[in-house]
Amino acid sequence: MSAVIRLARGGAKKTPFYRIVVADKRSPRDGQFIEKIGTFNPLLAKDNATRVVLNTERAKHWLSVGALPSDRVNSLFCAAGLTKK
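Residues numbered from 1 in each chain as written. Predicted model: local features only at pLDDT ≥ 70, side-chain atom pairs only at ≥ 80, totals over all residues. Heavy atoms only, no water.

*Asks:* Sorry, what's going on with the side chain of Ser 27 here?
*Replies:* If you trace the backbone, Ser 27 turns up in the loop between strand 2 (15-24) and strand 3 (35-40). Take Ser 27: its relative accessible area is 15%, and that puts it in the buried class. Separated by 2.9 Å, the side chain of Ser 27 and the backbone oxygen of Asp 24 make a polar contact. (Helix = DSSP H or I, 4+ residues; strand = E, 2+ residues; numbered from the N terminus. Buried < 20%, exposed > 50% of the residue type's maximum accessible area, 1.4 Å probe, protein only. Polar contact = N/O pair within 3.5 Å; in protein donor to acceptor, adjacent residues only side chain to side chain.)

As structure tokens, this is what we get:
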């Protein structure tokens, strides 16, 4: 099984809210996932502390096991200091 770290969309129409999840590569975007490791709210200001809430310990674990982050998640991880661009 190949795992990916990606965003799963939630929220109402025109008010997106994303969960940062670890999922099987073949599962749909908002479908079944293995573990939720954080949240991302793009409507908040970029300097707001609750814009990205991330369990860094679990993110490091999944990256060490070989899970590949999506492009957007990779940019969030770069801002948190977990990966390099």
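Now that the structure has been shown, the text picks up again.
*Asks:* Looking at this structure, I do not really get helix 2 (residues 71-80). What am I missing?
*Replies:* Residues of helix 2 that are buried include every one of Val 73, Leu 76 and Phe 77, and no others. Looking straight down helix 2, one finds that the buried residues subtend no more than 100 degrees of arc, so they occupy a single side. Exposed positions of helix 2 whose direction lies more than 90 degrees from the buried face are Asp 71 and Ala 79. In this structure, the buried side of helix 2 is in contact with strand 1 (3-12), strand 2, strand 3, strand 4 (52-54), helix 1 (56-65) and strand 5 (68-69). Once helix 2 finishes, Gly 81 follows within two positions and takes phi at roughly 85 degrees, a positive value. (Arc of directions from axis to C-beta. Contact = heavy atoms within 4.5 Å.)

*Asks:* Is there a simple way to think about the sheet that holds strand 3 in this case?
*Replies:* Hydrogen bonds between backbone groups are what pair the strands of a sheet, and the pairing can be parallel or antiparallel. Strand order in the open sheet formed by five strands is 4-3-2-1-5, with mixed pairing between adjacent strands. Strands with a single pairing partner mark the edges of an open sheet, and in this sheet they are strand 4 and strand 5. Bridge count for strand 3 against strand 4 is three bridges, and the pairing is antiparallel. Note that in strand 4 the partner of Phe 40 across the bridge is Val 52. Those strands touched by helix 1 are strand 1, strand 2, strand 3, strand 4 and strand 5, and its axis lies near 120 degrees from that of strand 3. Where helix 2 meets the sheet, its contacts fall on strand 1, strand 2, strand 3, strand 4 and strand 5, and the angle it forms with strand 1 comes to roughly 95 degrees. (Pairing = 2+ DSSP bridges. Axes fitted to C-alpha atoms, helices over the stretch in contact; angles between N-to-C directions.)

*Asks:* Would you explain the pairing of strand 3 in this entry?
*Replies:* Across a regular strand the side chains alternate sides, sitting on one face of the sheet and then on the other. Of all the six residues making up strand 3, five are buried; the element is thus mostly covered by neighbouring parts of the structure. Sheet analysis places strand 2 next to strand 3, joined by five bridges and oriented antiparallel. Bridging across to strand 3, Tyr 18 finds its partner in Phe 40.

*Asks:* In this structure, what is going on with the pattern of salt bridges? I would like to understand it.
*Replies:* Pairs can form between side chains of opposite charge once their charged atoms are near each other. Taken as a whole and judged by the stated rule, the model has three salt bridges. A salt bridge links Asp 30 to Arg 29; its shortest N-O distance comes to 2.8 Å. (Salt bridge = Lys/Arg side-chain N within 4 Å of Asp/Glu carboxyl O.)

*Asks:* So what exactly am I meant to see when it comes to the packing of aromatic side chains here?
*Replies:* Each pair of aromatic rings is reported with the distance of its centres and the angle of its planes. All told, the structure shown has one aromatic pair when counted by the stated rule. Look at Tyr 18 and Phe 40: their rings are 6.2 Å apart centre to centre, the planes differ by 25 degrees, and that puts the pair in the stacked class. Taken together, the positions of Tyr 18 in strand 2 and Phe 40 in strand 3 put the pair 22 residues apart, joining distant regions of the chain. A relative accessible area of 3% places Phe 40 in the buried class. (Phe/Tyr/Trp six-rings, centres within 6.5 Å; stacked < 30°, edge-to-face > 60°.)

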